[in-house]
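Take a look at the letters that make up each chain.
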Amino acid sequence: MEYTQLGRTGLKVSRLVLGTMNFGPQTDEATSHSIMDAALDAGLNFFDTANVYGWGENKGRTEEIVGSWFARGDGRRDRTVLATKVYGNMGADGEAWPNHDKLSALNIRRAVEGSLKRLGTDYIDLYQFHHVDRATPFEEIWQAVDVLIQQGKILYAGSSNFPGYKIAQANEIAARRGSVGLVSEQCLYNLFERRAEMEVIPAAQEYGLGVIPWSPLHGGLLGGVLKKEAEGKRRTEGRAAATLADPASRARLQAYEDLLDKHGLEPGEVGLAWLLTRPGVTGPIVGPRTPEQLAGALRALEVELDEEFLSALDEIFPGPGPSPEAFAW
């Protein structure tokens, strides 16, 4: 396993991040524990979750599964860099009260206590804002975060799904307060969806944030979806089905799979390996439902992509280009 610093911090994290969103809804507790054991055995030390994972009436269930894994001892918690998130309403569905969501100082205080209890730990390494809260000023957010850091309940703060200008705004206000500010940004970024290169990633690099891409295979579309579809191994639905219904998108995916077949490479492994070559990327989030899927993701660390191959990928999935040149002279 390779490790890198998380943004401008001294924290060392693995180049792959274990996403836990499937734990509970898709993967039972025992299998989830097996996946986390296998990840840690492989040296993968960076685990990502969120207070709302479990969804619906089971919000918080994923954090509970991670917490029950920590409770098994053997140094699991000490060896894990734990990231979770705050923003979504944790009240029972249909009973959502005001002030039980978003990023007010009140909700941050309430939410962190709930996460600590479910996770069975006394601190969170990386506490992430799951979305922008347009109604709460950053002065209030940083005041709440600074208190949590002073109390030892969190070590660092990060963002998720922030536009570039909000990353800049957040860290400029933090600097004026003498606060640490954001140290990471978790964003949608993959070969198929490269808009983050326009503003988000440059802002993250400018302010020293590590970039943590989510949906690195774009909902499975970059995992050999056309071949699996032809073999009857996969039924697409939702966003994936809508994408495949577009002739231009389908043609790009076919070109991608043909290129990989030519070189004898696995699509899912290449999708992850490509992200590991991108400037500013700390590590993509992989969300396995089974131990076998985790093993496949780990193989991406062994894939080396030369410049000629990377150029071929750029021809199939061109990025937006640098800002502002992409839209101005």
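Residues numbered from 1 in each chain as written. Predicted model: local features only at pLDDT ≥ 70, side-chain atom pairs only at ≥ 80, totals over all residues. Heavy atoms only, no water.

**Topic: the overall build of the protein chain**
The secondary structure content of the protein chain amounts to 13 helices and 10 strands. Over its C-alpha atoms the protein chain spans a radius of gyration of 20 Å, differing by no more than 12% from the 20 Å that the globule rule assigns to 329 residues. Along the first, second and third principal axes, the C-alpha atoms of the protein chain reach 55 × 55 × 40 Å. Here the protein chain holds 329 residues, and 51% of them are scored as buried. Pairs at least 24 residues apart make up 77% of the contacts formed inside the protein chain by residues separated by at least 6 positions. For the protein chain, the exposed surface amounts to about 15200 Å²; the carbon and sulfur share of it is 49%. Of the charged side chains in the protein chain, 34 are positive and 45 negative; the average position of the first set lies 4 Å away from that of the second. (Helix = DSSP H or I, 4+ residues; strand = E, 2+ residues; numbered from the N terminus. Rg over C-alpha atoms; globule rule 2.2 N^0.38 Å. Buried < 20%, exposed > 50% of the residue type's maximum accessible area, 1.4 Å probe, protein only. Contact = heavy atoms within 4.5 Å. Areas by Shrake-Rupley, 256 points an atom, 1.4 Å probe, with all protein chains shown as cover. Lys, Arg positive; Asp, Glu negative; His and termini not counted. Charge placed at Lys NZ, Arg CZ, Asp CG, Glu CD.)

**Structural notes on helix 2 (residues 61-70)**
Counting buried positions along helix 2 gives seven out of 10 residues, so the element sits mostly inside the fold. Among the residues of helix 2, those classed as buried are Thr-62, Glu-63, Ile-65, Val-66, Gly-67, Trp-69 and Phe-70. Packing partners of the buried residues in helix 2 comprise helix 1 (29-41), strand 4 (46-48), helix 3 (76-79), strand 5 (81-86) and helix 4 (105-119).

**Remarks on the pairing of strand 8 (residues 182-188)**
Most of strand 8 sits inside the fold, with six of its seven residues counted as buried. With three bridges connecting them, strand 7 (residues 154-160) and strand 8 associate as parallel partners. Note on strand 8: the bridge partner recorded for Ala-157 is Leu-182. Between strand 7 and its parallel partner strand 8, the chain crosses via helix 6 (residues 164-177), and the hand of that crossover is right-handed. (Pairing = 2+ DSSP bridges. Right-handed = clockwise from strand over helix to strand, strands pointing away.)

**Things to note about the environment of Thr-282**
As for its placement among the helices and strands, Thr-282 is situated in the loop between helix 11 (267-276) and strand 10 (285-286). Between the alpha carbons of Thr-282 and Leu-6 there is a distance of 6.4 Å; along the sequence they are 276 residues apart. Excluding its chain neighbours within four sequence positions, the residues that come into contact with Thr-282 are Thr-4, Gln-5, Leu-6, Gly-7, Val-13, Ser-14, Arg-15, Gly-210 and Val-211.

**A short note on the environment of Gly-67**
Its place among the elements puts Gly-67 in helix 2. Linking Gly-67 and Leu-221, residues 154 residues apart in sequence, is a C-alpha distance of 32 Å. Apart from the residues lying within four places of it in its own chain, the contact partners of Gly-67 are Arg-118, Leu-119 and Gly-120.

**Examining unusual backbone geometry**
The peptide bond linking Ser-323 to Pro-324 adopts the cis configuration, its omega dihedral lying at 10 degrees. Here Pro-324 is to be found in the segment after helix 13 (307-316). The residue Asn-161 is not glycine, and still its phi comes out positive at about 65 degrees. Counting through the fold element by element, Asn-161 comes out in the loop between strand 7 and helix 6. Of the residues examined, Asn-161 reaches a relative accessible area of 28% and is grouped as partly exposed. In the Ramachandran plot, His-218 falls in the positive-phi region, its phi being about 50 degrees despite a non-glycine side chain. Relative to the assigned elements, His-218 resides in the loop between strand 9 (210-214) and helix 8 (225-230). Judged by relative accessible area, His-218 falls into the buried class, the value being 6%.

**Description of the layout of surface pockets**
One number sums up the size of the second largest pocket: a volume of about 240 Å³. As for the second largest pocket, its lining consists of Asn-161, Phe-162, Pro-163, Glu-185, Cys-187, Leu-188, Glu-193, Arg-195, Ala-196, Glu-199, Val-200 and Trp-214. Looking at the lining of the second largest pocket, the element that brings in the most residues is strand 8, giving three residues. Its residues assigned to classes, the lining of the second largest pocket shows seven nonpolar, one polar and four charged. (1 Å grid on protein atoms, 1.4 Å probe; cavity = no way out; pocket = protein on both sides within 12 Å on 5 of 7 lines; lining within 4 Å. Points joined across faces, edges and corners; volume = space filled by probe spheres on them. Nonpolar A, V, L, I, M, F, W, Y, C, P; charged D, E, K, R; others polar.)

**So, the packing of aromatic side chains**
Scanning the model with the defined rule gives eight aromatic pairs in all. Here the aromatic rings of Trp-69 and Phe-70 are separated by 5.5 Å at their centres, their planes lie at 45 degrees, and the arrangement is tilted. Neither residue differs from the other here; Trp-69 and Phe-70 are each classed as buried. On the basis of an interplanar angle of 55 degrees and a centroid distance of 5.8 Å, the ring pair of Phe-192 and Phe-317 is categorised as tilted. Residue Phe-192 is found in the loop between strand 8 and helix 7 (200-206), and its partner Phe-317 is found in the segment after helix 13; the two are separated by 125 residues along the sequence. Exposure remark for Phe-192: the relative accessible area of 14% places this residue in the buried category. Overall, the relative accessible area of 0% leaves Phe-317 in the buried class. Of the aromatic side chains, those joined through ring pairs into one cluster are Phe-47, Trp-69 and Phe-70. Stacked on the ring of Phe-70, the Lys or Arg Arg-77 has its end atom at 5.4 Å from the ring centre. Taking the ring centre of Phe-192 as reference, the NZ or CZ of Arg-252 above it sits at 4.7 Å. (Phe/Tyr/Trp six-rings, centres within 6.5 Å; stacked < 30°, edge-to-face > 60°. Lys NZ or Arg CZ within 6 Å of the ring centre and 35° of its normal.)

Interpretation note: all reported values are geometric properties and have no functional meaning in isolation.
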